[in-house]
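Here is how the chains run, residue by residue.
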Amino acid sequence: MEAATAPEAALGPTLKVKEASPADADGPRASPRRGAGSPLPQLLPPVEEHPKIWLPRALRQTYVRKVGDTVNLLIPFQGKPKPQAIWTRDGCALDTSRVSVRNGERDSILFIREAQRADSGRYQLSVRLGGLEATATIDILVIERPGPPQSIKLVDVWGSSATLEWTPPQDMGNAALLGYTVQKADTKSGLWFSVLERYHRTSCTVSNLIVGNSYAFRVFAENQCGLSEDAPVTADLAHIQKAATVYKTEDFAQRDFSEAPKFTQPLADCTTVIGYDTQLFCCVRASPKPKIIWLKNKMDIQGNPKYRALTHLGICSLEIRKPGPFDGGIYTCKAVNPLGEATVDCRVDVKAPN
């Protein structure tokens with residue numbers, strides 16, 4: 001069987017077979033001149049199960065961890081009798097002071113207690129059995145927060161806007177930048193607020209700043225681990241000046257809401273029973289507020305304790321307390337203000353109980 005080609009090796013775990021010499025094809029043979037005390041030749045046990053690595057799906061792409069995290073990879077494999085499992089990193093032997101390996105009957109474990117960026121690399125597991133070999137490659141990337149952006153400066157201030165510029169951080173944290181977070185703070189409150197998040201350029205314009213305030217700005221870099229621990233702050237403050245604006249108010253004619261009294265709901269005729277309180281209602285609209293006068297048969301009844309008159313929000317009411325046979329007649333409500341007057345009438349009949 002021929003060894004696996006380069007395209008086949010790139011697909012994941014591969015199986016390789018070492019080429020046998022013609023002498024190996026004949027198999028082990030005893031020496032004809034072996035003495036009586038010579039040891040017997042040792043025959044290799046037959047391969048009952050070819051070596052194969054079962055690489056987990058999550059490890060078929062770059063395995064990303066943060067600095068300080070634990071790396072604990074368990075890789076199952078097969079082979080009978082027990083194959084030999086060997087780990088390498090970038091083609092070299094592992095640093096046993098940083099990486100621990102435990103090989104079992106059916107799996108191999110790679111363990112790093114506290115990962116550092118120096119532990120990033122391409123790790124290869126080889127499982128060998130006789131002349132057969134299976135390999136699997138795992139890319140490990142250890143990342144951390146990026147460094148802060150460099151040399152932020154305030155370029156220009158006009159109106160209620162300010163323009164900023166900065167340079168990318170020197171240390172990307174071993175990962176690609178996701179963008180920048182720009183924050184502002186006014187000198188009155190000192191509180192920081194984000195105005196742009198995951199912004200990809202190294203210059204921006206911050207708008208809608210409050211007139212009369214002074215602002216400082218800072219910029220964070222962000223990668224897969226999060227925001228940088230520090231952020232540079234602009235050395236100069238952005239002063240938003242008050243513009244000398246003169247406001248001219250337009251003259252307008254004030255509307256006159258004055259109105260003579262007008263009844264929107266008249267009194268209604270009614271019939272009541274002797275001894276039962278009765279109420280009369282009507283509604284009036286007027287400006288200024290009118291004076292309400294109640295009349296019975298064209299006689300003013302204001303101040304008579306037998307009647308109680310109320311007016312609220314243009315609703316006029318008259319209560320006739322325990323009416324008697326002589327309380328029937330024509331009741332009039334009269335509304336008067338400086339612009340005029342209006343009246344409404346109704347008839348009240350009082351009858352004896354059945």
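Quick caveat: nothing in here was measured; it's all calculated off a predicted structure. (Residues numbered from 1 in each chain as written. Predicted model: local features only at pLDDT ≥ 70, side-chain atom pairs only at ≥ 80, totals over all residues. Heavy atoms only, no water.)

**A word on the pairing of strand β12 (residues 161-167)**
The cut-off we apply is this: Think of it in three bands: residues with accessible area under 20% of the maximum for their type are buried, residues over 50% are exposed, and the middle band is partly exposed, with areas taken using a 1.4 Å probe on protein chains only. Secondary structure elements follow DSSP: runs of H or I no shorter than four residues count as helices, runs of E no shorter than two count as strands, and numbering proceeds from the N terminus. Pairing between strands requires that DSSP locate at least two bridges from one strand to the other.
The element β12 is largely enclosed, with a buried count of five among its seven residues. For strand β11 (residues 150-158) and β12, the ladder comprises six bridges, and the chain directions are antiparallel. Residue Trp 158 lies in a different strand from β12, and its bridge partner there is Ser 161. What sits between β11 and β12 in their antiparallel hairpin is a turn of two residues, with Gly 159 showing a positive phi close to 55°. Where β12 meets strand β15 (residues 203-206), four bridges bridge the pair, whose relative direction is antiparallel. Along β15, the bridge assignment pairs Thr 163 with Thr 205.

**A short note on the environment of Phe 326**
Along the polypeptide, Phe 326 turns up in the loop between β25 (315-320) and β26 (329-337). Residue classification places Phe 326 among the exposed positions, given a relative accessible area of 75%. Considered as a pair, Phe 326 and Asp 349 are 23 residues apart in the sequence and their alpha carbons are 9.5 Å apart.

**Considering the side chain of Ser 126**
To keep it simple, the criterion reads: A contact between two residues is defined here by any heavy atoms of the two lying within 4.5 Å.
Note that Ser 126 resides in strand β9 (residues 121-129). Assessed through its relative accessible area of 6%, Ser 126 is described here as buried. Not counting the four nearest positions on each side in its chain, Ser 126 is found in contact with Gln 84, Ala 85, Ile 86, Glu 133, Ala 134 and Thr 135.

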